[in-house]
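The primary structure of each chain is shown beneath.
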There are 2 protein chains.
Amino acid sequence: MKVVKFGGSSLASGKQLEKVFQIVTADPERKVVVVSAPGKRYAEDTKVTDLLIECAELCLQNKNPKVQLDNVLGRYASIAEELRLSDAVIREIHDDLLTRMASDKSKPDRFIDLLKASGEDNNAKLVAAYFQSQGIEAHYVDPKEAGLLVSDEPGNAQALPESYERLFSLNERSGIQVFPGFFGYSLSGEVFTFSRSGSDITGSILANALKADLYENFTDVDAVYSVNPSIVQKPKEIKELTYREMRELSYAGFTVLHDEALVPAFRAGIPVNIKNTNNPAAPGTLIVNERDNTNGPVIGIASDKGFCSIYVSKYLMNREIGFGRKLLGVLEDYGLSYEHTPSGIDDVSVILRENQLDEKVMVEVIDRIKNELQADEVKVAHSLSLIMVVGEGMRRNVGTMARASKALANASVNIEMINQGSSEVSMMFGVKEVDEKRAVKALYEEFFVPVTV
Amino acid sequence: MKVVKFGGSSLASGKQLEKVFQIVTADPERKVVVVSAPGKRYAEDTKVTDLLIECAELCLQNKNPKVQLDNVLGRYASIAEELRLSDAVIREIHDDLLTRMASDKSKPDRFIDLLKASGEDNNAKLVAAYFQSQGIEAHYVDPKEAGLLVSDEPGNAQALPESYERLFSLNERSGIQVFPGFFGYSLSGEVFTFSRSGSDITGSILANALKADLYENFTDVDAVYSVNPSIVQKPKEIKELTYREMRELSYAGFTVLHDEALVPAFRAGIPVNIKNTNNPAAPGTLIVNERDNTNGPVIGIASDKGFCSIYVSKYLMNREIGFGRKLLGVLEDYGLSYEHTPSGIDDVSVILRENQLDEKVMVEVIDRIKNELQADEVKVAHSLSLIMVVGEGMRRNVGTMARASKALANASVNIEMINQGSSEVSMMFGVKEVDEKRAVKALYEEFFVPVTV
């Protein structure tokens, strides 16, 4: 059995829904379909979810959200018209939206979640109606009735452990189950949404709960690329990669699948296939637990900017038991999460995402490190990029670091930092932001472009 | 003004003392002479300090330490005889030892310190007597009277801040001051010794306190070598290196000067010259604050074995604020000091010196990490070596990592870990212990052996 999830661009128009129908009915194993809200039809288009957020905010300000409401309804109506569906489903959606808009606004976050979630919820009804109109047994699934229980954190709900057992019984239902992504219900019956890209999370939870053989995630690219296509033109596609590789790549800028979304599938060891709704014949990218390693040491190169480092030095630091723990304690007091802590004998650097710190917090943190830890020197370096070179094959390849560092040296990139040795599937380089693209290109050429003699 | 320190082998015999006399009197700036206890005359010889420790332990067991006592006195007497000194100084040493042996034994550590310290104290009296016999104005300095105050930690005393001001007045005394190394007096007037190699510490404290122009440290090698001579034959000598470079090298196995001993000189910015008593014409190695960097990126390669790593993985670890701090807190509860913490996205390794952990502690630590931090996996790797590649020139050299990692790859050494980026003057490689010597040789050849075309 396969759980199949379609993203917003795959459901943006009647024409797209026809492709979805073809894909789902082409394989009788595709029993559970998770749907997003209608996305963009063209670059300047607005996603239904964004219209709904605007609508909710106007309601909270006691302003009239008529334009947004009409836009949302118009999106569904145009799809229904294209697919020649009866008016009944659009009337149902209209009534649903009015009910939601009239509901309690005393907790604004929850009200916004309730409206946002309607994008997926109503789209699932529309998709089910369309499948039925084509003579296929298909049912909209209400997540409340099916038992998708979540924590009561607006915009960041987590599935409760008991959800998995409850959802399993979906396996016993006949026909195709059309499940709205992005949200669940708290124990008290209220709607709470997952973090953004939350439909991927719903699909992953269902794949785990229903013990699916495969979780197919349909989006609008043929595959995960080995490097960011905006840095290297027409990069190599990745046919197969492991969860660990995907996680390391998505950490540093690979956004095709939100890494948190992989967790439930990963825990159950269910393979994830990233495919293209517009080119379903392409094999896509398969994310697995283990893979044969026949394609060289490196599978992908990712990079992300916006890091800074706080350098702390103190003579004989390494004799001082508790220094590192106290240093990290100061950061924790400000809710700062750090990425890495490369260290020398008498110094340590803490690498953080720069957007966590404003000038005031930075000054306070530096003061506390200087005074409470009696550091000799504390200094901050801004505008760093991290580059992850990722591949399961590294473990068995002696010269990978030599090749990577040589490529960077030849491209005149100064390596500000190297962190290698904990993860067996990646090596991390810190470089100045201005060097990032040149560094990524050089690494891509070293590991992916065959040498022509 | 120069503070000059002589190690045990430089003071092991009358012949050696004659060399010391020549050295000190050859330069009128050499006003303060710090002496160790007589060391080994030949490989199988026993150091006076070791005889004194045996002697103290026998006293504590109420056994007769006659053999050891005779041996100690015999060492001083043979030097005195060789140099034709009067019996008076040997009688004084004899009386001093009997007084010490008869003193309070209720605190064994303190009693041992009292006896150990006599090695340097009495040798300073002997050296002063010898200088006087040669018609030179020289005075034995009593550290108590001169004001070298220390904390009351047996075998690990620390100079108290007020010592520095008190000791400064030694500058006003005429003649050569012969100062015993290795110990000071607590505020209550008891003897406490520094850690082993403590005469180097005394010299460094005096250089700081007296605002010396140079601290000359005479030992039995011509210079600090760029790599361990037991791994590479006849390695290059280092003419000049910075405190930072010396500290990084001594961390990983360079033992010519105990790194803690450098601290007072470092704080006052006083250059340290390591020279050879048996070849004083050789320029030796100069340790300075800053140096011209004209000799390539690397100045030395050091290595040390006996490390282990504790690997901890947990999916989405990097989202969890406080994980690193809690992990280090567990180690701190067991008094464990760690060296480095290379990290991936969802994993971190802690590198520690293996000799801190027995099987029982290891099991407890792993259990606590698993249970309290809910780690997915915790595993331990034993028998690692750390290799430090050190040099101020690295900062301005783009390709140093490429050269180092290529050399290791060519020698088929797998790099278990790289930590680079906090210290600007070193890069650290973790390798398996069995690969250590091969790795060090390969790095030495890359950075120190000119390519012959």
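Above this text is the structure in question.
Heads up: these notes are all about the structure in this document.

Cut-off values and rules
- Residues numbered from 1 in each chain as written.
- Chains lettered and ligands numbered in written order.
- Predicted model: local features only at pLDDT ≥ 70, side-chain atom pairs only at ≥ 80, totals over all residues.
- Heavy atoms only, no water.
- Helix = DSSP H or I, 4+ residues; strand = E, 2+ residues; numbered from the N terminus.
- Rg over C-alpha atoms; globule rule 2.2 N^0.38 Å.
- Buried < 20%, exposed > 50% of the residue type's maximum accessible area, 1.4 Å probe, protein only.
- Contact = heavy atoms within 4.5 Å.
- Areas by Shrake-Rupley, 256 points an atom, 1.4 Å probe, with all protein chains shown as cover.
- Lys, Arg positive; Asp, Glu negative; His and termini not counted.
- Charge placed at Lys NZ, Arg CZ, Asp CG, Glu CD.
- Least-squares fit on C-alpha atoms with pLDDT ≥ 70 in both.
- Polar contact = N/O pair within 3.5 Å; in protein donor to acceptor, adjacent residues only side chain to side chain.
- Axes fitted to C-alpha atoms, helices over the stretch in contact; angles between N-to-C directions.
- Parallel < 35°, antiparallel > 145°, perpendicular 65-115°, else oblique.
- Left-handed = near helix turned anticlockwise from the far one by under 90°.
- Nonpolar A, V, L, I, M, F, W, Y, C, P; charged D, E, K, R; others polar.
- Buried area = accessible area lost by both parts, 1.4 Å probe.
- Salt bridge = Lys/Arg side-chain N within 4 Å of Asp/Glu carboxyl O.
- Pairing = 2+ DSSP bridges.
- Phe/Tyr/Trp six-rings, centres within 6.5 Å; stacked < 30°, edge-to-face > 60°.
- Lys NZ or Arg CZ within 6 Å of the ring centre and 35° of its normal.

### A look at the overall build of chain A
Part 1 of the reasoning: The secondary structure content of chain A amounts to 14 helices and 18 strands.
Part 2 of the reasoning: For chain A, the C-alpha radius of gyration of 25 Å lies close to 22 Å, the compact-globule estimate for 453 residues.
Part 3 of the reasoning: Across its three principal axes, chain A shows a C-alpha extent of roughly 75 × 60 × 40 Å.
Part 4 of the reasoning: For chain A, the residues scored as buried account for 58% of the 453 residues in total.
Part 5 of the reasoning: A sequence separation of at least 24 residues applies to 74% of the contacts in chain A between residues at least 6 apart.
Part 6 of the reasoning: Accessible area for chain A stands at about 18,500 Å²; split by element, carbon and sulfur atoms hold 48% of it.
Part 7 of the reasoning: If you average the places of the 51 positive and of the 65 negative side-chain charges in chain A, the two averages end up 3 Å apart.

### So, the relation of the copies chain A and chain B
Part 1 of the reasoning: By a simple turn and slide, chain A fits onto chain B: the slide is 0.0 Å along the axis, the RMSD is 0.1 Å, and the turn is 180°. Accordingly, the operation relating the two chain copies is best matched by a two-fold axis.

### So, unusual backbone geometry
Part 1 of the reasoning: One non-glycine residue, Gln 374 of chain A, lies in positive phi territory at about 50°.
Part 2 of the reasoning: Checked against the element boundaries, Gln 374 of chain A lands in the loop between α12 (359–372) and β16 (377–390).
Part 3 of the reasoning: By relative accessible area, Gln 374 of chain A is classed as exposed at 56%.
Part 4 of the reasoning: Although it is not a glycine, Ser 412 of chain B sits at a positive phi angle of roughly 55°.
Part 5 of the reasoning: By the secondary structure assignment, Ser 412 of chain B is in the loop between α13 (400–410) and β17 (417–420).

### A look at the environment of Ser 250 of chain A
Residues and elements named next belong to chain A.
Part 1 of the reasoning: Mapping Ser 250 onto the fold places it in helix α9 (residues 243–251).
Part 2 of the reasoning: Exposure remark for Ser 250: the relative accessible area of 11% places this residue in the buried category.
Part 3 of the reasoning: Separated by 149 residues in sequence, Ser 250 and Met 101 place their C-alpha atoms 36 Å apart.
Part 4 of the reasoning: A distance of 3.3 Å separates a polar side-chain atom of Ser 250 from the backbone oxygen of Arg 247.

### Comments concerning the packing of helix α3 (residues 66–82) of chain A against helix α5 (residues 108–133) of chain A
All names here are of chain A.
Part 1 of the reasoning: Their axes nearest at 11 Å, the elements α3 and α5 cross at an angle of 15°. By the angle between their axes, α3 is roughly parallel relative to α5. In this structure, α3 meets α5 at a crossing whose hand is right-handed. Between α3 and α5, the contacting residues are Tyr 76, Ile 79 and Ala 80 on the first element and Ser 118, Gly 119, Asn 122, Asn 123 and Leu 126 on the second.
Part 2 of the reasoning: Considering only residue class, the contact of α3 with α5 consists of four nonpolar, four polar and no charged.

### Quick look at the environment of Pro 235 of chain B
All names here are of chain B.
Part 1 of the reasoning: As for its placement among the helices and strands, Pro 235 is situated in the loop between β8 (224–225) and β9 (237–238).
Part 2 of the reasoning: Note: C-alpha distance between Pro 235 and Asn 371 (136 residues apart in sequence) is 50 Å.
Part 3 of the reasoning: Not counting residues within four places of it along the chain, the set of residues in contact with Pro 235 comprises Tyr 225, Ser 226, Val 227, Pro 229 and Tyr 444.

### Some details on the interface of chain A and chain B
Part 1 of the reasoning: Facing the 63 residues of chain A at the interface are 62 residues of chain B.
Part 2 of the reasoning: Contact with chain B buries surface across chain A, with Arg 247, Tyr 315 and Ile 345 of chain A losing the most and accounting together for 15% of the total.
Part 3 of the reasoning: Here chain A is connected to chain B by six salt bridges.
Part 4 of the reasoning: At the junction of chain A and chain B, the tally comes to twelve residue pairs in polar contact (both at pLDDT 80 or more).
Part 5 of the reasoning: Mapped onto the side of chain A that touches chain B, the elements with two or more residues apiece are α9, α10 (259–268), α11 (323–333), β14 (338–340), β15 (347–353), β16, α13 (400–410) and β17 (417–420) of chain A.
Part 6 of the reasoning: It is α10 of chain A that provides the largest number of residues to the side of chain A that touches chain B, a total of six residues.

### Topic: the pairing of strand β13 (residues 300–313) of chain A
Residues and elements named next belong to chain A.
Part 1 of the reasoning: Taken across its 14 residues, β13 has eleven buried, putting it largely inside the fold.
Part 2 of the reasoning: Bridge analysis of β13 against β16 gives eleven bridges, and the strand direction is antiparallel. Opposite Ile 301, over in β16, you have Val 389 as the bridge partner.
Part 3 of the reasoning: As defined by bridge partners, β13 adjoins β15 across seven bridges and the pair is classed as antiparallel. Each residue of the ladder has a partner; that of Ser 313, found in β15, is Asp 347.

### Observations concerning the packing of helix α4 (residues 88–101) of chain A against α5 of chain A
All names here are of chain A.
Part 1 of the reasoning: Taken N-terminus to C-terminus, the directions of α4 and α5 make an angle of 170°; their axes are 10 Å apart at the nearest point. As the angle between them shows, α4 and α5 are arranged roughly antiparallel. The residues of α5 that touch α4, namely those facing Val 89, Ile 90, Glu 92, Ile 93, Asp 96, Leu 97, Arg 100 and Met 101, are Phe 111, Leu 114, Leu 115, Ala 117, Ser 118, Asp 121, Asn 122, Lys 125, Leu 126 and Ala 129.
Part 2 of the reasoning: Here the contact of α4 with α5 is built from residues that sort into eleven nonpolar, two polar and five charged.

### With respect to the sheet that holds strand β16 (residues 377–390) of chain B
Part 1 of the reasoning: The strand order across the open sheet formed by twelve strands is β14(A)-β15(A)-β13(A)-β16(A)-β18(A)-β17(A)-β17(B)-β18(B)-β16(B)-β13(B)-β15(B)-β14(B), and the pairing between neighbours is antiparallel. Looking at which strands have only one partner, the edges of the open sheet turn out to be β14 of chain A together with β14 (338–340) of chain B. Put simply, the sheet's adjacent strands are angled 35° from each other on average, direction ignored.
Part 2 of the reasoning: Each of β13 and β16 of chain A is contacted by α12 of chain A, which is oriented at about 110° to β16 of chain A, the strand it contacts most.
Part 3 of the reasoning: Seen against the sheet, helix α14 (residues 436–448) of chain B touches β13 (300–313), β16 and β18 (426–432) of chain B and runs at an angle of roughly 130° to β13 of chain B.

### Section: the sheet that holds strand β11 (residues 272–276) of chain B
Residue and element names in this part refer to chain B.
Part 1 of the reasoning: Strand order across the open sheet formed by eight strands is β3-β4-β2-β1-β7-β11-β12-β10, with mixed pairing between neighbours. For this open sheet the edge positions go to β3 (138–140) and β10 (240–242), each flanked by a neighbour on one side alone. With direction set aside, neighbouring strand axes in the sheet form an average angle of 20°.
Part 2 of the reasoning: Sheet topology places β11 next to strand β12 (residues 285–288); three bridges connect them, and they run antiparallel. Its bridge partner being in β12, Ile 274 is matched across the sheet by Thr 285.

### Section: the pairing of strand β7 (residues 214–219) of chain B
All names here are of chain B.
Part 1 of the reasoning: Extensive coverage of β7 is indicated by the burial of six of its six residues.
Part 2 of the reasoning: In this structure, strand β1 (residues 2–6) lies alongside β7, joined through five bridges in parallel fashion. Residue pairing in the sheet places Lys 5 in a bridge with Asn 217 of β7.
Part 3 of the reasoning: Taken together, the five bridges between β7 and β11 define a ladder with parallel strand orientation. Looking across to β11, one finds that Thr 219 is bridged to Asn 276.

### Describing the packing of aromatic side chains
Part 1 of the reasoning: Counted under the stated rule, the structure contains 14 aromatic pairs over all chains.
Part 2 of the reasoning: Seen in terms of ring centroids, Phe 183 of chain B and Tyr 185 of chain B are 5.9 Å apart; in terms of plane orientation they differ by 70°. Their pairing is edge-to-face.
Part 3 of the reasoning: Phe 183 of chain B gets classed as buried once you look at its relative accessible area, which sits at 0%.
Part 4 of the reasoning: Note on Tyr 185 of chain B: relative accessible area 11%, which makes it buried.
Part 5 of the reasoning: Here the aromatic cluster, defined as three or more aromatic residues joined through ring pairs, consists of Phe 21, Tyr 130 and Phe 131 of chain A.
Part 6 of the reasoning: Across the ring face of Tyr 140 of chain A, the terminal group of Lys 125 of chain A is positioned such that the distance to the ring centre comes to 5.5 Å.
Part 7 of the reasoning: The ring centre of Tyr 311 of chain A lies 5.0 Å from the NZ or CZ of Lys 379 of chain A, which sits over that ring.

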